[in-house]
Amino acid sequence: MRLSRYFLPVLKENPSEAQIVSHRLMLRAGMIQQSSAGIYSWLPMGFKVLKRIEQIVHEEQARAGHIPMLMPTLQSADLWRESGRYEDYGQEMLRVTDRHDRDMLYGPTNEELITDIFRSHVRSYKDLPLTLYHIQWKFRDEIRPRFGVMRGREFLMKDGYNFDLTKEDALHAYNRHLVSYLRSYERMGLQAIPMRADGGPIGGDYTHEFLVLAETGESEVFYDSEVTDLTFGDREIDYDDVAQCQSILEEFTSRYARTDETHDEAAFNEIPEARRRSARGIEVGQIFYFGTKYSDAMKAVVQGPDGAQVPVHMGSHGIGVSRLLGAIIEASHDDKGIIWPEGVTPFHCGIVNLKQGDAAADGACADLYKALTAKGLEPLYDDRNERAGAKFATMDLIGLPWRITVGPRGLKAGVVELTSRRTGESEELTPEAAVARVAEIYAGS
Ligand code: P5A
């Protein structure tokens, strides 16, 4: 993409409504625009990152054997009356009436709708296990929408639902989700720690939230500092291997790590004092096992191996896709702007032309652009007639992890400059070597 032809409405001033750095930077970098309280338009740069995050989620769900689909945003109130949640959900649910006076709602989550789909089609235990998921907009009429996309009213969620014959099978589905989420967050450059939590309006008492530690986080958390040493890394996972998934769950959840809702002071005090931590975190996902809560209420039964009709065991599993942009920026920025992890960056590399209009510089930039594109990379070429300082400031603000700077002086010596946004370190390389370096950095991601 050439910047002169893109739509990147960066703001020079700090927007006064933004209280935390991620919100401020998303507005300044022209990623989002508020349309009303807690509801945002996703401008091209923000939209691009949102899609990168969705892509990672899809890839990791596919590995786990979970099946993508799409359910609507508007749902009939009748299904929610069946489960009993229509009244229980309270004012967070946005209720609407259609022209025939039918009660509808903008889905805050989809347990009822998916259970209805399941019971319409699945009759036998032989069709289990089954895990379906989608990535769809949700609406929760939060009392205090704030911090930009962190606590929105309309927000994008990945929500998955497992259907299993037995509790044991459903717990394996739970473990699969835990493993696939750990992998997903790591690919996004985040450490998200699973912590024992509360079931809230979704239900069930076996649930973990995934928290990214950050001072601006809304959740209060308590943990053993050893949990921060755990990384998932590059392990081979067989998602059908029950014992392997269980051992990963144990590895990541056996140490004390809880949100304030389930915090147990006595258990916490058993950790050696030097390892006790209380901090704040951003909840970027949550997984639940709630047994037959919905299948009992909505009569989602299958014929078991002995011929009897049994309610299925279920769980639901969510990732806060739009919230993740805020969480990633909270975890990765400096005073000049965003620093995107390679896994989610909107463009792989910036190209800054120090002397637009200079034939050699223009030609070298065009060649770099072509060569990077040929390697399957997406560069953002700042071809505007701006001072070098302004171009660097924009690149630093929008946070592309790598920048190639091209100027007539360097070109005379046959080199361009490759700079890391994270470390600020630069290297002089031939244009060919710079392309090869950038391609190598992204290989495999
Ligand atoms: C799990 C999937 C559920 O709704 N039902 C389907 C279960 N879980 S949850 O924890 O309530 O939500 C899942 C994730 O969605 C994000 N989230 C939000 N993001 C932005 N703004 C909000 N107002 C908001 N509310 C929830 C969180 O990341 C949460 O973990």
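Each remark here, short or long, concerns the structure printed above.
A few points on the structure. None of these values were measured; they are calculated from a predicted model.

Conventions used here
Residues numbered from 1 in each chain as written. Predicted model: local features only at pLDDT ≥ 70, side-chain atom pairs only at ≥ 80, totals over all residues. Heavy atoms only, no water. Near = heavy atom within 4 Å. Polar contact = N/O pair within 3.5 Å; in protein donor to acceptor, adjacent residues only side chain to side chain. 1 Å grid on protein atoms, 1.4 Å probe; cavity = no way out; pocket = protein on both sides within 12 Å on 5 of 7 lines; lining within 4 Å. Sits in = over half its atoms within 2 Å of the grid points. Helix = DSSP H or I, 4+ residues; strand = E, 2+ residues; numbered from the N terminus. Contact = heavy atoms within 4.5 Å. Buried < 20%, exposed > 50% of the residue type's maximum accessible area, 1.4 Å probe, protein only. Points joined across faces, edges and corners; volume = space filled by probe spheres on them. Nonpolar A, V, L, I, M, F, W, Y, C, P; charged D, E, K, R; others polar.

Glancing now at the site of the ligand. The ligand sits among 23 residues. The nearest are T109, E111, R140, G152 and E283. Here a nitrogen atom of the ligand sits 2.7 Å away from a polar atom, N or O, in the side chain of E111. A distance of 3.1 Å is found between an oxygen atom of the ligand and a side-chain nitrogen or oxygen belonging to Q286. Of the pockets mapped on this structure, the ligand occupies the largest pocket. Those elements giving two or more residues to the shell around the ligand turn out to be β8 (154-164), β13 (276-291) and β16 (313-320).

Before going further, it helps to spend a moment on the environment of D383. Along the chain, the position of D383 falls in the loop between β20 (379-382) and α12 (388-398). Each C-alpha atom of the pair D383 and D362 lies 8.4 Å from the other, and the pair is 21 residues apart in sequence. Those residues in contact with D383 that sit more than four places away from it in its chain are R2, L3, S4, Q356 and K391. Within the structure, the side chain of D383 is placed 2.8 Å from the side chain of S4, a separation counted as a polar contact.

Turning next to α12. If you check which residues of α12 are buried, you get A390, K391, T394, M395, D396, L397 and I398. The inward-facing, buried residues of α12 abut α1 (21-28), α2 (44-64), β18 (337-338), β19 (349-353), β20 and β21 (402-406). The positive-phi residue at the C-terminal boundary of α12 is G399, with phi of around 80°.

If you add up the space inside the largest pocket, you get close to 880 Å³. Lining the largest pocket are 45 residues, and of these R140, R151, E283, Q286 and R323 lie nearest its centre. Of all elements in the fold, only β8, β11 (219-224), β13, β16 and α10 (321-331) reach the threshold of two or more residues within the lining of the largest pocket. Ranked by the residues each element gives to the lining of the largest pocket, the list is headed by β13, at 7 residues. Here the lining of the largest pocket is built from residues that sort into 14 nonpolar, 17 polar and 14 charged.

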